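# Secondary and tertiary structure notes
The primary structure of each chain is shown beneath.
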Amino acid sequence: MTENGWFQIGFFLLVIFLVTKPIGVFMTRVFNREKTFLDPIFRPVERLVYRLTGVDEKREMRWTEYAVAMLLFSGVSMAVLYLIERTQKWLPFNPQKFPNVEPGLAFGTAASFTTNTNWQVYSGESTMSYLTQMAGLAYHNFVSAAVGIVLAIVVIRGIARKETDKLGNFWVDTTRCLLWVLLPVCLVGSLFLVSEGVVQNLKPYTTVELIQPYTAQVTGPDGKTTAQTITQQVIAQGPVASQEVIKEFGTNGGGFFNANSAHPFENPTPLANFFEMLLIFAIPSGLTYTLGRMTGSQRHGWAVWAAMAFLFFAGVSTAYWAEARGNPLLLGTDQRASEVQSGGNMEGKEVRFGVANSTLFATVTTDASCGAVNGMHDSFTPLGGMVPLINIMLGEVVFGGVGAGLYGIFVFVVLAVFIAGLMVGRTPEYLGKKIESYDVKMAMLAVLILTCTILIFSAISVVKPYGTAGITNPGPHGLSQVLYAYVSSTGNNGSAFAGIGANTMWYNTTTAAAQLLGRFFMIIPVLAIAGSLAKKKVVPESAGTFPVTGGLFAGLLVSTILIVGALTFFPALSLGPILEHLLMNTGKVF
């Protein structure tokens with residue numbers, strides 16, 4: 001570990017703190033339909049959209065109507081993406097003449113991008129046409145992010161409103177989110193990334209002659225391996241910048257290239273790397289301020305932010321320590337940081353970014369439901385790789401995905417307040433509203449859906465041959481690979497311990513099912529809580545009211561998150577990364 005590495009981590013957290021208020025204030029004004037500086041541009045467009053679609057912008061919905069609209073919109077969008085993938089061979093903007101995507105992969109990808117997961121078991125530059133990338137995948141990057149944000153706004157409205165069953169209009173909220181929040185930043189951000197070297201064109205791939213040809217072992221159709229001299233290289237390109245910026249800002253994570261943000265055409269410079277990390281946390285962090293502003297308790301919003309920031313710093317510190325100390329089995333190898341080397345465990349990491357920025361990126365992308373990577377998590381040390389795994393297991397509530405992080409931590413807020421009420425022997429209250437048995441049951445249902453989906457699918461995959469066939473490393477690391485696949489899918493993250501062979505019918509189908517369960521089956525009970533809270537009366541505070549502001553509440557919230565995660569997943573972690581770490585220290589690797 002170096003002073004420079006700690007400075008970069010601290011500076012990143014400081015910048016996130018500084019952008020939280022302005023982003024939070026702007027989103028509050030957008031979703032409260034207050035005047036913003038973008039109104040002259042987008043208000044006429046918004047009215048035109050409503051005229052064309054027949055939406056009554058003044059009509060509000062109950063939580064059940066909101067949920068049905070969201071499910072129908074997501075279902076139709078998923079079907080359209082599947083259709084594009086299955087017919088891309090005959091559609092335009094396919095200069096490489098890629099064939100249609102096979103059914104299992106097309107279904108898994110459609111489910112993945114619809115749920116904001118962006119789980120990829122294919123190489124984008126050799127599978128998806130430009131049209132599929134733009135009209136299919138990039139489109140879903142926008143709308144799935146917008147859906148997550150407006151669902152968080154509904155939860156905030158449920159907390160803020162009283163004695164009503166109206167929580168807004170899904171079509172209006174989604175339209176405003178796309179026009180006011182996502183599109184402007186993505187337009188400016190994509191131009192910035194182009195200035196840094198991210199490509200943006202519709203040209204066919206370029207074939208170039210190698211200055212230094214090399215010999216490679218090539219396996220032919222008959223299974224025989226022969227030596228072949230490679231004299232040319234195909235350089236993939238395409239509309240990358242426009243997809244890259246929403247991939248990060250919408251916490252989607254799906255890369256145009258297989259190497260994702262480790263590819264120089266997606267993430268060419270340290271400044272671009274910092275900018276992309278900033279985009280990932282910008283909206284989730286800003287939503288905590290929106291929570292405080294819309295509910296009239298700004299201190300509560302900051303308490304939630306503080307709990308998230310504490311968990312973030314604990315995670316990145318652990319990962320940085322684990323990777324910076326290197327591999328203890330490489331005896332005689334200098335793994336210290338110096339002027340000529342970055343030191344530590346550099347396997348699977350970009351030399352442009354080093355250990356500090358790789359562990360920071362890995363922590364950020366798994367704290368949020370993003371899944372973008374600038375290094376391979378499969379190559380991290382056991383404890384270093386355990387941090388991204390735990391981040392997702394906790395429900396990605398450490399800032400979290402756009403919207404998903406806020407409504408995810410809302411579940412833990414309800415549980416924390418309930419526990420506090422039990423401690424003092426009073427009916428628990430949250431910002432003046434009684435937390436009753438129905439609310440706690442819905443919160444626990446959301447937690448159980450996440451837990452059961454991960455553990456059941458993982459258990460089947462490590463005992464059945466169609467699951468174990470994808471494991472590339474035996475022993476505890478193989479368990480970590482399988483566990484990460486379902487943790488990432490259910491948590492709608494999309495990153496992977498990329499060593500696993502997941503492009504099979506079993507993994508394509510079950511990970512898609514996990515993604516749909518983790519997205520939609522979790523949000524239904526959360527919306528139910530929001531609808532329940534909106535109907536309640538506000539009761540005045542008393543001497544027995546547990547304050548949901550300040551350090552005491554933040555500490556209780558952190559404890560609730562950690563205890564639930566530890567009790568649920570500790571046995572699986574013990575058999576996976578923890579056991580692997582202990583065995584590594586005895587001289588055995590996998």
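Note: the structure precedes this text.
Residues numbered from 1 in each chain as written. Predicted model: local features only at pLDDT ≥ 70, side-chain atom pairs only at ≥ 80, totals over all residues. Heavy atoms only, no water.

## Topic: the overall build of the protein chain
What counts, and what does not: Under the scheme used here, helices are H or I runs from DSSP no shorter than 4 residues and strands are E runs no shorter than 2 residues, and both carry numbers assigned from the N terminus. Both definitions apply: the radius of gyration is a C-alpha atom measure, and the globule rule equals 2.2 Å times residues to the power 0.38. In this description, contact between two residues means that some pair of their heavy atoms is separated by no more than 4.5 Å. All accessible-area figures derive from a Shrake-Rupley calculation using a 1.4 Å probe, and residue coverage is judged against the displayed protein chains alone. The positive count covers Lys and Arg only, the negative count covers Asp and Glu only, and His and the chain ends enter neither. Charged groups are reduced to one reference atom each: NZ for lysine, CZ for arginine, CG for aspartic acid, CD for glutamic acid.
Helices and strands together make up the secondary structure of the protein chain, namely 17 helices and four strands. Expected size for 590 residues packed as a compact globule is a radius of gyration near 25 Å; at 24 Å, the protein chain falls within 12% of this value. If one aligns the C-alpha atoms of the protein chain with their principal axes, the spans along those axes are about 80 × 60 × 50 Å. Counting contacts in the protein chain only where the partners sit at least 6 residues apart, residues at least 24 apart contribute 78% of the total. Surface accessibility of the protein chain: about 23500 Å² in total, with carbon and sulfur atoms responsible for 65%. Mean positive and mean negative side-chain charge positions of the protein chain (37 and 34 charges, respectively) differ by 10 Å.

## With respect to helix α10 (residues 354-367)
We count it as follows: Under the convention used throughout, the expected extent of a helix is 1.5 Å for every residue step, that is, one less than its residue count. Burial classification: accessible surface area is computed with a 1.4 Å probe over protein chains only, and a residue below 20% of its type maximum counts as buried, one above 50% as exposed, and the rest as partly exposed.
Here α10 contains 14 residues, and its C-alpha end-to-end distance of 20 Å stays within 8% of the 20 Å for a straight helix at 1.5 Å per residue. Judged by how many residues are buried, α10 sits mostly within the fold: 14 of 14 residues are covered.

## Quick look at the state of the cysteines
Cut-off, in case you're wondering: What counts as a disulfide here is a pair of cysteine sulfur atoms lying within 2.5 Å.
Taken as a whole and judged by the stated rule, the model has zero disulfides. The thiol of C186 is unpaired, and the distance to the nearest cysteine sulfur, on C177, comes to 10 Å.

## As for the pairing of strand β1 (residues 206-219)
To keep things clear, this is the line we draw: Here a strand pair is declared whenever DSSP counts at least two bridges between the two strands.
Sheet topology note: the β1/strand β2 (residues 225-235) ladder contains 10 bridges and is antiparallel. Looking at the pairing, T206 lines up with I235 of β2. Connecting β1 to the next strand, β2, in antiparallel fashion are five residues, including G223 with a positive phi near 90 degrees.

## Some thoughts on helix α15 (residues 475-490)
Taking 1.5 Å of rise per residue, 16 residues should cover 22 Å, and α15 covers 23 Å from first to last C-alpha, within 8% of that figure. A positive backbone phi angle near 55 degrees is found at N492, which sits one or two residues after α15.

## Some remarks on the packing of aromatic side chains
Stated formally: Two aromatic rings, drawn from Phe, Tyr or Trp (for Trp, its six-membered ring), form a pair once their centres lie within 6.5 Å of each other, and the interplanar angle then sorts them: stacked below 30 degrees, edge-to-face above 60, tilted otherwise. For a lysine, the NZ atom is tested; for an arginine, the CZ atom; a charge sits over a ring if that atom is within 6 Å of the ring centre and within 35 degrees of the ring normal.
Considering all chains together, one arrives at 31 aromatic pairs under this definition. An angle of 55 degrees between the planes, with centres 6.4 Å apart, marks the rings of Y130 and Y205 as tilted. Here Y205 lies in the loop between α6 (170-196) and β1 and Y130 lies in helix α5 (residues 130-160), a separation of 75 residues in the sequence. Judged by its relative accessible area of 14%, Y205 is buried. Each ring, one from F281 and one from F399, has its centre 4.6 Å from the other, and the planes form 40 degrees; the classification is tilted. Linking F281 in helix α8 (residues 270-295) with F399 in the loop between α11 (382-393) and α12 (404-424), this pair joins segments that are 118 residues apart in sequence. F399 gets classed as buried once you look at its relative accessible area, which sits at 0%. Here the aromatic residues F7, F11, F12, F17, F274, F281, Y289, W302, W305, F312 and F399 are joined through ring pairs into a cluster of three or more. If you follow R176 out to its NZ or CZ, it ends over the ring of W180, 4.2 Å from the centre. Lying across the ring of F380, K349 places its NZ or CZ 4.2 Å from the centre.

## A closer look at the nonpolar core
Basically, it comes down to this: Nine residue types can take part in a nonpolar core, namely buried Ala, Val, Leu, Ile, Met, Phe, Trp, Tyr and Cys, and a core is a set of them joined through side-chain atoms within 4.5 Å.
The biggest cluster of nonpolar side chains holds 127 residues, and the ones touching the most others in it are V181, L182 and F312. A per-element tally of this core places α5 first, with 15 residues. What V181 contacts, discounting residues up to four positions off in sequence, is F26, M27, V30, F31, R176, F249 and I283.

## Some thoughts on unusual backbone geometry
Notably, T251 is not glycine yet its phi reads approximately 45 degrees, a positive angle. Here T251 is to be found in the loop between α7 (241-249) and α8. Overall, T251 belongs to the buried group, its relative accessible area being 0%. Even without a glycine there, the phi angle at F399 is positive, about 70 degrees.

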